Amino acid sequence: MFGNNTLFFFITALLCLDFQSMFGIIQQNLRGMAMHDQLKKIFSISPLKIALLVIFIALIMFYIDVQFLRFMELKALDLRMISRGTVSPGGETVIAAIDEKSLSELGRWPWPRTTIAKLVDRLKGYGAKAVGFDIVFAEPDENSSLKTIADLSQEFKRLRINDRRIQSLLHKKKMLADTDAILAKSIERSKNVTLGYFFHLSEREAAHLSEEDIEAAAENINTSIYQIIRASAPPDESSLIHAYSAVTNLKPLSEAAENSGYFNAFPDSDGTLRWSPLVIKFQDNFYSSLPISLLLQYLDWPALTLKLAGFGVEGVTIGDIDIPTDEYGRLLTNYLGPGKTFPHYSISDIVKGRLPADTFKNKIVIVGATATAIYDMRVTPFSAVYPGVEIHATVIDNILHRNFLRQSTVTTILDICAIIFFGLIIGIVVPRLNAITGIILCFLIVVSFVGVNTLVFSRTNIWLNLIYPVLTMLTIYLVITVYRYITEEREKKKIRGAFQYYLTASVINEMLKYPAKLKLGGDKKDLTVLFSDIRGFTTVAENMKTPEELVHLLNEYLTAMTNVVFTHDGLLDKYMGDAIMAVFGAPLNQPDHPLRACKTALGMMDELKKLQKKWADEGRPVLTIGIGINSGDMVVGNMGSEMRFDYTVMGDSVNLGSRLEGINKEYGTNIVISESTHNAVKDVLFCRELDSVRVKGKNLPVKIYELLGEKKDAEKWEKAVGIFEEGLSKYRQCLWDEAIISFQRVLEIKADDAPAKLYIVRCRELKKNPPEEPWDGVFTMTKK
């Protein structure tokens, strides 16, 4: 199947890299880890490993060319030919048919050689350029007149009658009665006839023949020997078709004909003829087929070259036409349609001159049987009853118009790439989808591949393997589906048990669809954390009449806030009294986790306003909250003991988020976000810079921003924020009076702006007690 086995081993070696790397891991890491855990990790089953294993097995089977799958591929090739429909032939080749009409008018087959001679003469008269016979005239014509003349001659000799007039008369009568000689003269006169013959391809078939018979047969077919042989390397002739003898035409006929060619056919294992053998080796010579010999005559005897290579036949060249073959010297026949795709003319019409004079002008005419009674019918992709003579016409048309079905080393590489690529696509994508989506995607990929494969075949005549890539995809899908079915319920139970109390149902369902996205244990990931806390909750609690009222108020608040977190698919990490901690970006990857957290904060404030109005109407205490948000690297996973653990986050970024929530008390704001969060959402949400601060426990300053709302509503804050930023700039330049003026202008626009009021107080204090030089403008927090 391959021109170079190295290609196959190179590509399959690439697939083995995954397995080689696993064994490399064994050697490198077993020293520092428990062998049991390491082996469990390496030999664990995963969809990708299943895909790689199936692909590897498929490539092995592709290489050894499993007969059953080869049979399926041939059937798939037939279907592609049928789906392409009928293709019109070039018009150079026609069939002179021994059909039912001819048998009715000219008598049963075989006909007298005089009838065949009339046919040859008529075809010459019609202007046929080349006439080929898909028939062999191996035996003398049965002729009663000739036998009578022979008997009379023997009787005259016995009676010693030597009258010259009688002998001359007998000789004339013999010449008129010798129909083989008449046919030989017609063939010789026409100078356009190529006779067919066939080879014995087993020793058993040729066992009854003597050496003289075999030599005589070889002499009769010497016109069909390849005269030019080119070998790029010592050829492996074991791949060639070998013959042991030939059934040829009578010597006078063979000598009279211009050329000859064999018409042996070799069906595939299912009985279908798909290949036309262009070369057979007999004794020490290589012989051409009937279509090649006819073309040689039709094209005015161009150079005919057989090209051999180390693996067998490399190809055949006739003139400037390169004919692709397999290593056995066979051409893959590109059938153009069902029977009678080529024009058929009844021989009775030809012999009796009923056809227009230019019917066969400069045509190739192949004489053969199409009558069912003679049964020269073959199985082809288009029909189980296909005239054998039309196969020769198809091969001739394929060669004349270079209309070849192509299969080469390049197509083999493409087949291998298709097996690997589509196998990996199924192995990587399907495990990430649910069952319905997976089967739909697999179906669409398979149908698309079949469609593209068929389209390529119809448009370019390139035969790409269909069965191996499709079976690889289906096998990977089925095996992965079974694997998922076995493991999915176990995974679902584990996930539900781990997350049912602090994840929304939609997120849990998403995780159940994609359990591979859940990776338990400590991982460092870029996440966003949100902290919220009720302001003055201790005072509120002390003023409540009963504990039940406090619990009812707190539950109502926490329920509303939790629903907002879940609306944006956040992870409810924990409740800490009246405080809420939520995480975005875990356990499922959420590339937009900063935006989700900020929208959650805005949503919480919206819900709080509704609750505040409700509580005021009911005469209950009105709560207010502060929210802090930070984005950055955090350690996420199951934290705790072996007996009890929680899925949570840890790290400096988490601590900073908690500190930002407390900063709201200093600035009189509701939502404070860090610089990292601001950079991720600034194109969508509207914020103002509040300050650069050193939070308690950290030395490096961080910029903090107040989250105001969405960018589409920016006009509500733009003017005040612009003036505020001017004041902040003056403040950092120690221009206290100018800064105070700017902040007072902010208060003229928004009288209750707490940050502006705070900065006016700071500016007055710093004006009285200037900071030490150089001043970095950073405010240091002394409390959480």
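Parameters at a glance
Residues numbered from 1 in each chain as written. Predicted model: local features only at pLDDT ≥ 70, side-chain atom pairs only at ≥ 80, totals over all residues. Heavy atoms only, no water. Pairing = 2+ DSSP bridges. Helix = DSSP H or I, 4+ residues; strand = E, 2+ residues; numbered from the N terminus. Axes fitted to C-alpha atoms, helices over the stretch in contact; angles between N-to-C directions. 1 Å grid on protein atoms, 1.4 Å probe; cavity = no way out; pocket = protein on both sides within 12 Å on 5 of 7 lines; lining within 4 Å. Points joined across faces, edges and corners; volume = space filled by probe spheres on them. Nonpolar A, V, L, I, M, F, W, Y, C, P; charged D, E, K, R; others polar. Parallel < 35°, antiparallel > 145°, perpendicular 65-115°, else oblique. Left-handed = near helix turned anticlockwise from the far one by under 90°. Contact = heavy atoms within 4.5 Å. Core = buried A, V, L, I, M, F, W, Y, C linked by side-chain atoms within 4.5 Å. Buried < 20%, exposed > 50% of the residue type's maximum accessible area, 1.4 Å probe, protein only. Patch = residues over 30% accessible without salt bridge, like charges linked within 9 Å, V, L, I, M, F, W, Y side chains within 5 Å. Areas by Shrake-Rupley, 256 points an atom, 1.4 Å probe, with all protein chains shown as cover. Salt bridge = Lys/Arg side-chain N within 4 Å of Asp/Glu carboxyl O. Expected span 1.5 Å × (residues − 1). pLDDT = per-residue confidence, 0-100. Phe/Tyr/Trp six-rings, centres within 6.5 Å; stacked < 30°, edge-to-face > 60°.

Visitor: Before we move on, could you go through the sheet that holds strand β4 (residues 228-231) and cite the residues and values that matter?
Guide: Pairing within the open sheet is mixed, and its four strands lie in the order β4-β11-β12-β13. Edge strands, defined here as strands with exactly one partner in the open sheet, are β4 and β13 (321-324). For this sheet the average axis-to-axis angle between neighbouring strands, irrespective of direction, equals 25°. Two strands pair when backbone bridges link them, and strand β12 (residues 312-318) and β13 are joined in this way by four bridges, in the antiparallel orientation. Among the inter-strand pairings, V316 is bridged to a residue of β13, identified as I323.

Visitor: So what about empty space enclosed by the protein? Which residues, and what values?
Guide: Counted under the stated rule, the structure contains one cavity of 30 Å³ or more. Roughly 40 Å³ of volume is contained in the largest cavity. Around the largest cavity sit L195, N220, T223, N249, S254, A257, E258, N259 and S260, which together line it. In the lining of the largest cavity, the residues fall into two nonpolar, six polar and one charged.

Visitor: Now, about the packing of helix α4 (residues 67-84) against helix α16 (residues 435-460): what can you tell me, with residues and values included?
Guide: Two elements in contact, α4 and α16, have axes separated by 10 Å at closest approach and are oriented at 65°. Between α4 and α16, the crossing angle belongs to the class labelled roughly perpendicular. Crossing of α4 against α16: the hand is right-handed. Along its contact with α4, which presents L77, R80, M81, S83 and R84, the element α16 presents N453, T454, F457 and S458. Split by residue class, the contact of α4 with α16 holds three nonpolar, four polar and two charged.

Visitor: Can you tell me about the sheet that holds strand β10 (residues 285-288), naming the residues and giving the values?
Guide: Taking strand neighbours across the sheet as the criterion, the three strands line up as β5-β9-β10 in an open arrangement whose pairing is mixed. For this open sheet the edge positions go to β5 (242-243) and β10, each flanked by a neighbour on one side alone. Here two bridges tie β5 to strand β9 (residues 279-282), and the two strands are oriented parallel to one another. Residue pairing in the sheet places A243 in a bridge with F282 of β9.

Visitor: Please give an account of the nonpolar core that cites residues and values.
Guide: Judged by nonpolar contacts, the single largest core of 39 residues is most densely connected at Y557, I627, I629, I671, I673 and L707. Among the elements that take part in this core, helix α21 (residues 593-618) stands out by supplying ten residues, more than any other. Discounting chain neighbours no more than four positions away, the residues touching I629 are T528, V529, L530, A597, C598, A601, L660, I671, V672, I673, S674 and T677.

Visitor: Could you give me a rundown of the pairing of strand β3 (residues 193-200), with the residues and numbers involved?
Guide: Counting buried positions along β3 gives seven out of eight residues, so the element sits mostly inside the fold. Strand direction decides the pairing type here: strand β2 (residues 130-133) and β3, joined by three bridges, are parallel. Looking across to β3, one finds that F133 is bridged to L195. As paired elements, β3 and strand β7 (residues 259-262) share four bridges and run parallel to each other.

Visitor: Describe a nonpolar patch on the surface, and please don't skip the residues or the numbers.
Guide: Among the surface-exposed residues, I436, I439, I440, F443, L444 and V447 lie close enough to one another that they form a single nonpolar patch of about 580 Å² accessible area. Classification of I440 as partly exposed rests on a relative accessible area of 44%.

Visitor: Lay out helix α9 (residues 179-190) with the relevant residues and their values.
Guide: Residues that lie three or four places apart on an α-helix share one face, since the helix turns once every 3.6 residues. The end-to-end C-alpha distance of α9, which contains twelve residues, comes to 16 Å, matching closely the 16 Å that a straight helix rising 1.5 Å per residue would cover. Within the sequence span of α9, burial applies to T179, D180, A181, L183, A184, S186, I187 and S190. Of the residues trailing α9, K191 is marked for its positive phi of about 55°.

Visitor: Give a description of the confidence of the model for the chain that names residues and reports values.
Guide: Summary statistics for the chain give a mean pLDDT of 86 and a share of 85% for residues scoring 70 or more. Per-residue pLDDT stays below 50 along residues 13-27; that stretch engages in 19 contacts with residues further than four places along the chain or on separate chains. Contacts from residues 29-34, a stretch scored under 50 in pLDDT, to residues over four places away or in other chains number five contacts.

Visitor: Just give me the short version of the packing of aromatic side chains, but keep the residues and values in it.
Guide: How two aromatic rings sit relative to each other is set out by the distance from centre to centre and by the angle between their planes. One pass over the structure, following the stated rule, counts 23 aromatic pairs. Consider the rings of F422 and F449, whose centres lie 5.0 Å apart with planes at 65°: the pair is edge-to-face. Within this pair, whereas F422 is found in helix α15 (residues 409-429), its partner F449 is found in helix α16, the two being separated by 27 residues in sequence. With a centroid separation of 4.9 Å and 80° between ring planes, the pair formed by Y731 and Y759 is classed as edge-to-face.

Visitor: Kindly report on helix α3 (residues 47-64), identifying the contributing residues and their values.
Guide: Relative to the 26 Å expected for 18 residues at 1.5 Å per residue, α3 spans 26 Å between its end C-alpha atoms, a close match to the ideal helical length. Every buried residue of α3 is accounted for by I50, A51, L52, V54, I55, A58, L59 and F62. Looking at the residues trailing α3, positive phi occurs at D65, about 60°.

Visitor: Could you give me a rundown of the environment of G271, with the residues and numbers involved?
Guide: If you trace the backbone, G271 turns up in the loop between β7 and β8 (275-277). Classification of G271 as partly exposed rests on a relative accessible area of 30%. Separated by 108 residues in sequence, G271 and V379 have C-alpha atoms that sit 6.5 Å apart.

Visitor: How would you explain the pairing of strand β20 (residues 571-576) if you had to name every residue and give the values?
Guide: Where β20 meets strand β21 (residues 579-584), five bridges bridge the pair, whose relative direction is antiparallel. Each bridged residue has a counterpart across the sheet, and for L572 the counterpart in β21 is A582. Following β20, the chain reverses through two residues before pairing antiparallel with β21; G577 in that reversal takes a positive phi of roughly 65°.

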